[in-house]
Amino acid sequence: MSASRRSGATDELGPDEPGASGEPGGSDLLAALLDGMDAALCAFDAAGVVTHWNREAERILGWSAKDAVGRHGFAGWAVRTADAEEVQARLLSAMRAPGRQVHEFALLTKDGGRVLVRTQSAAVRGADGEPAGVYCAFSEVHAQIDLERSIALSEALFEDAEWGVVLVDADLRPAVVNAHASRALGIGRASALGRPLGELLAQGVEELEAALTHVLAEGAPPAPAEVWVTLRSPAEGEQRRCWRNAFLPLASPLAEEPVPLGVGWLFTDVTEAKRGEQEAALLRFRTKQLHRAARAAAECEDPLEAATVHLDYALAGFADHALIDRLADAPRTPDAAGAVRLVRLAATPAGAPGPSVLTGAAGLPVRYEPGHPALSCVERTGCVRAEAGSVPPELAREWALRRQWPGDAVHALCAVLRSRGRTLGVVTFLRGAARTPFERSDASYAEDVALRIAAALDLAGATREP
């Protein structure tokens, strides 16, 4: 039964009692709706008498429906006497004003405390269209501010955030995408909705879907996770990016038990910073390798052994195979002419890992075909890169063997060996299909190694001259 029925007041909002069929009457239904609301609600008739008071209003102020219904305004119980007239006037002014009126004022609790509330009031009109009273919904100001902050935060995240924000449903499909995420994915905000992540990303989908599934089942991870993804871009092709991701499980606050609604996925692009970290770590490692190689080579009595020591230290983390070819004739000067002939001096074992082995005691030239990268390296006195390209393994093996390299080589980098203004030979680094092609930074490192090997070869030649 509604609060007005319990107090003896009457209203015109529905049938008086339940029907004969057992169906609930309008007053019972109204009372259930009012008591189930999350907002506090009270209503006044045209004379300012309280006609309705729900459970949330009782929770906030402590006054029950029995205490409130039937009273004339808030004077003497819910507001201070000095403020009662002003509060009453502001509330009842909604009967003469269009739309809703928003006010803030202090109400008194049953135990004598004060609560600052924000009210929204509007006129209740009768069947003839004339004002019949006022309803007033109110809540504590701090709760209202918390709600407004949450709404403002959501709007800011989906409009102006510098992070990409995606709401992913329980089926791992985007339900909401903000502007930053749309730009990062290279697709319109509406176009991304409801599509599987596999249609938005070329690589990295498995890692992201595994993370989202984990969050749905176990909750948020303790720290952000970095995932490398490859984006599909019709204009720029595939782009590899590193995203730092945070995941938040979303559950319904209205259910008795947590019901997963999906995952809030926040990410930001850290590709440049990550590449900078990787390059710095790689530079530190290679510098240490050069330092270790120099110390080890200094202990070698034979300069040729020192050359192979430099080669072995350079190979770690850099290439799968390495070769040293020296000129079959005298060292070549910049103005020299004629065909270039190279003799294999040292090579890493092709079958199993191990230290480089000195070869070429017979002095027979290697059968390099014209245009071979090693020959071009000597002629240009600079680095030369070569690769088999995207071909089947059989053709890649044929490509390597035709150039007198191990059969699993698909990427090559040749660096010239020069000392005292003369060309002494070539050092060749080879990578298999599991590694990336050589880049400019790799060529710089290869040149540093080549300088040390050339110095050792020059010393070996000088010590053996009469």
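Preceding block: the structure.
Residues numbered from 1 in each chain as written. Predicted model: local features only at pLDDT ≥ 70, side-chain atom pairs only at ≥ 80, totals over all residues. Heavy atoms only, no water.

**Description of the side chain of D325**
Here is step 1 of the chain: Mapping D325 onto the fold places it in strand 12 (residues 321–327).
Here is step 2 of the chain: Judged by relative accessible area, which is 0%, D325 ranks as buried.
Here is step 3 of the chain: For D325, the side chain forms a polar contact with the side chain of Y368, separated by 2.6 Å.
Here is step 4 of the chain: With near-sequence residues (within four places) excluded, D325 lies in contact with L342, V343, R344, L345, V366, Y368, L417, L424, G425 and V426. (Helix = DSSP H or I, 4+ residues; strand = E, 2+ residues; numbered from the N terminus. Buried < 20%, exposed > 50% of the residue type's maximum accessible area, 1.4 Å probe, protein only. Polar contact = N/O pair within 3.5 Å; in protein donor to acceptor, adjacent residues only side chain to side chain. Contact = heavy atoms within 4.5 Å.)

**Re the pairing of strand 1 (residues 40–45)**
Here is step 1 of the chain: Counting buried residues in strand 1 gives five out of six residues, a clear majority hidden from the surface.
Here is step 2 of the chain: Inspection of the sheet shows strand 1 paired to strand 5 (residues 131–140) by six bridges, in the antiparallel sense. By the bridge assignment, D45 is partnered in strand 5 with G133.
Here is step 3 of the chain: With three bridges joining them, strand 1 and strand 2 (residues 50–53) adopt antiparallel strand pairing. Each residue of the ladder has a partner; that of C42, found in strand 2, is W53. (Pairing = 2+ DSSP bridges.)

**Here's the deal with the sheet that holds strand 10 (residues 239–251)**
Here is step 1 of the chain: With respect to topology, six strands assemble into an open sheet ordered 7-6-11-10-9-8, the strand pairing being antiparallel. Looking at strand neighbours, the two that pair on one side only are strand 7 (174–177) and strand 8 (201–203), the edges of this open sheet. Pairwise comparison of adjacent strand axes, ignoring direction, gives a mean angle of 40° for this sheet.
Here is step 2 of the chain: For strand 10 and strand 11 (residues 260–269), the ladder comprises nine bridges, and the chain directions are antiparallel. (Axes fitted to C-alpha atoms, helices over the stretch in contact; angles between N-to-C directions.)

**So, the layout of surface pockets**
Here is step 1 of the chain: Reported here for the largest pocket is a volume of approximately 680 Å³.
Here is step 2 of the chain: Lining the largest pocket are 22 residues, and of these L282, R286, E439, S441 and D442 lie nearest its centre.
Here is step 3 of the chain: Counting only elements with at least two residues in the lining of the largest pocket, the list comes to helix 10 (271–298) and helix 14 (440–464).
Here is step 4 of the chain: Here the lining of the largest pocket is built from residues that sort into seven nonpolar, six polar and nine charged. (1 Å grid on protein atoms, 1.4 Å probe; cavity = no way out; pocket = protein on both sides within 12 Å on 5 of 7 lines; lining within 4 Å. Points joined across faces, edges and corners; volume = space filled by probe spheres on them. Nonpolar A, V, L, I, M, F, W, Y, C, P; charged D, E, K, R; others polar.)

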